[in-house]
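Residue-level structural notes
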Amino acid sequence: MTALNIRKATSSDLVFLLRLEKEAFPVFQQTSANNLRHAIKSPFQEVLIVESGRPHKQSIACAILYKYKHTLRIYSIGVCKDYQQKGVGEYILCHIKEMANRLYFKKIILEASADNIQLLRWYEAKGFEKKDILENYYGEGRHACKLVMSIGRESGQTNNLIVINHPNVWKDTSVNARIVSVKEYINNPTYQNGSGFRVFNLCSSYKYQSYGYYVSLLASARGQRVIPSNATIRDLRINLVIQSAAYEIDEQMNRLLSKSDASQFSLNVYFGQTPDKTYKSLALSLYQLYEAPLFKVTFVRHERWLIKDIKVLNIKTVPKEDESTMYDFANRFFKKKRYNFPRLTNFKYDLAILVNPQEENPPSNDEALQKMKKAANRKGVYVEFITKADVDKLNEFDALFIRETTNVNHYTYEMARLAYAEGLVVLDDPWSILRCSNKIYQNELFRKNKIKTPETLVLTKNFFDKNQLDQWKYPMVLKQPDSAFSLGVIKVESTEEAEAQLLKLFKKSDMIVCQEFLYSDFDWRIGILDNKPLYACKYYMSGNHWQIYNWDSAEDDKAGAHETLALEDVPDVIIQTAQKAASLIGDGLYGVDLKLVDDVAYVVEVNDNPNIDAGIEDSLLEGRLYEQLVDAFINRIEQAKNVSKINFSNDRVSSKY
């Protein structure tokens, strides 16, 4: 079949459409000129023209579709006689299925003549099921058969593509992915125009300007998630880059390989897994660093184990003894485990919420988490609570919401970074964690952008003059750059106390933040989401203490009192300053802490991962707070997937085939 193109019909196609009606359909199934004109202009219908590119561009087929709220109906498919039995119908149907998948229709339906046994068998072979006989549908004695195809995740449909030079070399047809040839991937408009695909490039070569090179390049240009990316392909050819990235897993690598007496060792990694269970965790770590479907890592021992090189494998270079294992790993990789359990509802998107059941002071209490889940379910978002042990499940979700205290030097950052690399929407995103975790960064940022903060001085280990301590105005506040929840924050009353505390703090960090002490009965906390205020609270100082939290208190509740206010009751200067400070960090979810002293707003810090507890931050908005959070995730997912939002009417229209 020559290269084909699909486009929407215009009024200029009417002559061709009328000719095709007479050529492809019996009289009782033909559509009038007026109905064709209406179909072309109707937002409820879609008329698609198939063009052949050789030897001259010409229209050769047409499909007319009706778009209901959850159902895509094939009204008709017609192919010119000269192009019948040449795969054009299958090409059109593939495009329609991709369209239904991309726009989240739940099923495709059509009606075909009950007497056309050959056509009915063709549709059944393509995945349609007979559901009903419609008597006298086309007129007296002319019955129709209604056929239905389920669409979407629950039916096993997938947006995973395995692109390969020769699809016949892939022997496992049960994998939850489409096996597509390079030629089809490059030329088929279905794959040219859809950004929702995840492309797994298994071409035989990734050399510059090879097919493998261009598959990854085109996938990136089309806005599709591709493994390996062109950056990965390039990085795997640069030994210095390989060694630099391997620094992250050096300890794990040497611990696991320490039992080997050999001077050299090789490990094959297939879809993030390896046949040798001893090195299961190492294989996953290697895949997260060097994201390619199939590769072989060679380690060499000097004083320590190092990575000598990494070679990308293809289907033909996978050892014969590993072949069945590789296919098993592929099935596990593409299979979503949670779909093994029945759901009562079909959800549009999947949200993972990272929690730590052992955390004493999590950013959200259990009641808040359950409210978030219920709000998400109401809006068609499936929620699953995960822990750090579920890192290998991240690629099963559309988004990740971190509800565990974050830190750069912590697995929360690593999971955020991995989720982002997998194409998930992430709150908190890794850049917000980086920026919010360090008060030195925030001090520089706010100073540059003329945002008022308590007077701040950054002290550097071995480079500050102790005589400066005598010039300070006490009390002063010393902070570790990554302090949170009032931990690592110390108030000093004298030079001697400052010097003693600095000696302790410099053992943990080479730089310490020193701030003037601004007294206030409470701190303002403004929740910011998508650069807009979400909630406002007053956090009062803990009893007989100068901080919101008193970790030395003998009381079970170590936090001070709180008060939640309507946004309109908050001074304008507080809201405006909070928005400006948060916008410098990003557009995520933040909690901005401020003090109001003599009608001047001072930003203390911007926190990622702010508290959202039932009974506190949600006490005014209640369920609406969680709905706004869910809406933010949905909007971000749909922006990323470029999902078209179209409201279709439910008008009943007679159809034919």
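What counts and how
- Residues numbered from 1 in each chain as written.
- Predicted model: local features only at pLDDT ≥ 70, side-chain atom pairs only at ≥ 80, totals over all residues.
- Heavy atoms only, no water.
- Helix = DSSP H or I, 4+ residues; strand = E, 2+ residues; numbered from the N terminus.
- Buried < 20%, exposed > 50% of the residue type's maximum accessible area, 1.4 Å probe, protein only.
- Polar contact = N/O pair within 3.5 Å; in protein donor to acceptor, adjacent residues only side chain to side chain.
- Contact = heavy atoms within 4.5 Å.
- 1 Å grid on protein atoms, 1.4 Å probe; cavity = no way out; pocket = protein on both sides within 12 Å on 5 of 7 lines; lining within 4 Å.
- Points joined across faces, edges and corners; volume = space filled by probe spheres on them.
- Pairing = 2+ DSSP bridges.
- Axes fitted to C-alpha atoms, helices over the stretch in contact; angles between N-to-C directions.
- Left-handed = near helix turned anticlockwise from the far one by under 90°.
- Nonpolar A, V, L, I, M, F, W, Y, C, P; charged D, E, K, R; others polar.
- Parallel < 35°, antiparallel > 145°, perpendicular 65-115°, else oblique.
- Core = buried A, V, L, I, M, F, W, Y, C linked by side-chain atoms within 4.5 Å.
- Phe/Tyr/Trp six-rings, centres within 6.5 Å; stacked < 30°, edge-to-face > 60°.
- Lys NZ or Arg CZ within 6 Å of the ring centre and 35° of its normal.

The name given to the chain in an unreviewed UniProt entry is GNAT family N-acetyltransferase, with the source organism recorded as Carboxylicivirga sediminis.

A few words now on the side chain of Gln 45. Tracing the backbone shows Gln 45 in strand E2 (residues 45-52). A relative accessible area of 8% means that Gln 45 is categorised as buried. Within the structure, Gln 45 has its side chain in polar contact with the side chain of Tyr 66 (distance 3.3 Å). Those residues within four positions of Gln 45 in sequence are excluded, and the remaining contacts are His 38, Ala 39, Ile 64, Leu 65, Tyr 66 and Lys 67.

Our focus in this paragraph is empty space enclosed by the protein. For the structure on display, the rule yields four cavities of 30 Å³ or more. Estimates place the volume of the largest cavity at around 90 Å³. As for the largest cavity, its lining consists of Lys 439, Gln 442, Asn 443, Phe 446, Thr 453, Thr 456, Lys 479, Val 513, Gln 515, Val 603, Val 604 and Glu 605. When residues of the lining of the largest cavity are assigned to their parent elements, the largest contribution, four residues, is made by helix H16 (residues 439-448).

We now examine the pairing of E2. Buried residues dominate E2, accounting for eight of its eight residues. Bridge count for strand E1 (residues 4-8) against E2 is five bridges, and the pairing is antiparallel. By the bridge assignment, Ile 6 is partnered in E2 with Val 50. Sheet analysis places E2 next to strand E3 (residues 58-67), joined by eight bridges and oriented antiparallel. Within E3, the residue paired with Leu 48 across the bridge is Ala 63.

All right, on to the environment of Asn 268 then. Mapped onto the secondary structure, Asn 268 falls in strand E12 (residues 264-270). Along the backbone, Asn 268 and Val 312 are 44 residues apart, and their C-alpha atoms lie at a distance of 9.7 Å. Beyond its immediate sequence surroundings of up to four residues, Asn 268 is in contact with Gln 273, Thr 274, Pro 275, Phe 295, Lys 296, Leu 313, Pro 319 and Asp 322. Side-chain polar atoms of Asn 268 contact the side chain of Tyr 270, separated by 2.9 Å.

Strand order in the open sheet formed by four strands is E9-E8-E10-E11, and the pairing between neighbours is parallel. Looking at the sheet topology across the chains shown, the edges are occupied by strand E9 (178-181) and strand E11 (225-227). Sheet twist, expressed as the average angle between the axes of neighbouring strands with direction ignored, equals 25°. One ladder, built from four bridges, connects strand E8 (residues 160-164) with strand E10 (residues 198-201); its direction is parallel.

Turning to helix H11 (residues 280-289), its buried residues are Leu 282, Ala 283, Ser 285, Leu 286 and Tyr 287. Against E11, helix H10 (250-257), E12, strand E13 (294-301), strand E14 (305-312) and helix H12 (323-334) lie the buried residues of H11.

All right, on to unusual backbone geometry then. Cis rather than trans, the peptide bond between Leu 427 and Asp 428 has omega equal to 5°. Looking at where Asp 428 falls in the secondary structure, it is placed in the loop between strand E18 (425-427) and helix H15 (430-436). For the peptide bond that leads from Tyr 474 to Pro 475, omega is 5°, which places it in the cis range. Among the secondary structure elements, Pro 475 is positioned in the loop between strand E19 (456-460) and strand E20 (476-484). At Asp 530, a position not held by glycine, the phi torsion is positive, near 55°.

With that settled, consider the packing of H16 against helix H18 (residues 572-585). Where H16 contacts H18, the axes come no closer than 11 Å and their chain directions differ by 120°. When you trace H16 past H18, the crossing you get is right-handed. Seen from H16, the contacting residues are Tyr 441, Leu 445 and Phe 446; seen from H18, they are Ala 581, Leu 584 and Ile 585. Partitioned by chemical class, the residues of the contact of H16 with H18 number six nonpolar, no polar and no charged.

Take the packing of H10 against H11 next. Closest axis-to-axis distance for the H10/H11 pair is 10 Å, and the angle between their directions is 150°. For the element pair H10 / H11, the angle class is roughly antiparallel. The interaxial crossing formed by H10 with H11 has left-handed handedness. Contacts between H10 and H11 pair Gln 252, Met 253 and Leu 256 from the former with Ser 281, Leu 282 and Ser 285 from the latter. For the contact of H10 with H11, a count of residues per class yields three nonpolar, three polar and no charged.

What follows is about the nonpolar core. Nonpolar side chains in soluble globular proteins generally cluster together in the buried interior. The biggest cluster of nonpolar side chains holds 49 residues, and the ones touching the most others in it are Val 50, Ile 74, Val 88, Ile 96, Ile 108 and Phe 128. Discounting chain neighbours no more than four positions away, the residues touching Ile 96 are Ala 63, Leu 65, Leu 72, Ile 74, Ile 77 and Ile 108. Listed in part, the 44 residues of the second largest apolar core include Ile 242, Tyr 287, Ile 307 and Val 318.

Here we take up the packing of aromatic side chains. In this description, a pair of aromatic rings is defined by centroid distance and the angle of the planes. Summed over all chains, the structure comprises 24 aromatic pairs. With a centroid separation of 5.0 Å and 50° between ring planes, the pair formed by Phe 265 and Tyr 279 is classed as tilted. With a gap of 14 residues between them, Phe 265 in strand E12 and Tyr 279 in the loop between E12 and H11 connect regions that are remote in the sequence. An identical accessibility class is assigned to Phe 265 and Tyr 279; each is buried. Taken together, the ring pairs connect Phe 200, Phe 271, Tyr 287, Phe 333 and Phe 334 into an aromatic cluster. The cationic tip of Lys 86 hangs over the ring face of Tyr 83; the distance from NZ or CZ to the ring centre is 5.6 Å. Positioned above the aromatic ring of Phe 517, the side-chain terminus of Lys 491 is 4.7 Å from the ring centre.

Following the sequence through the fold, Leu 459 ends up in strand E19. In this structure Leu 459 comes out as buried when scored by relative accessible area, which is 2%. Between the C-alpha atoms of Leu 459 and Ile 440, which are 19 residues apart in sequence, the distance is 9.9 Å. Discounting residues that sit within four places of it in the chain, Leu 459 has contacts with Phe 464, Trp 472, Leu 502, Phe 506, Asp 510, Met 511, Ile 512 and Cys 514.

Turning next to the pairing of E8. The buried fraction of E8 is high, at five of five residues. Neither face of E8 is exposed, since Asn 160, Ile 162 and Ile 164 on one face and Leu 161 and Val 163 on the opposite face are all buried.

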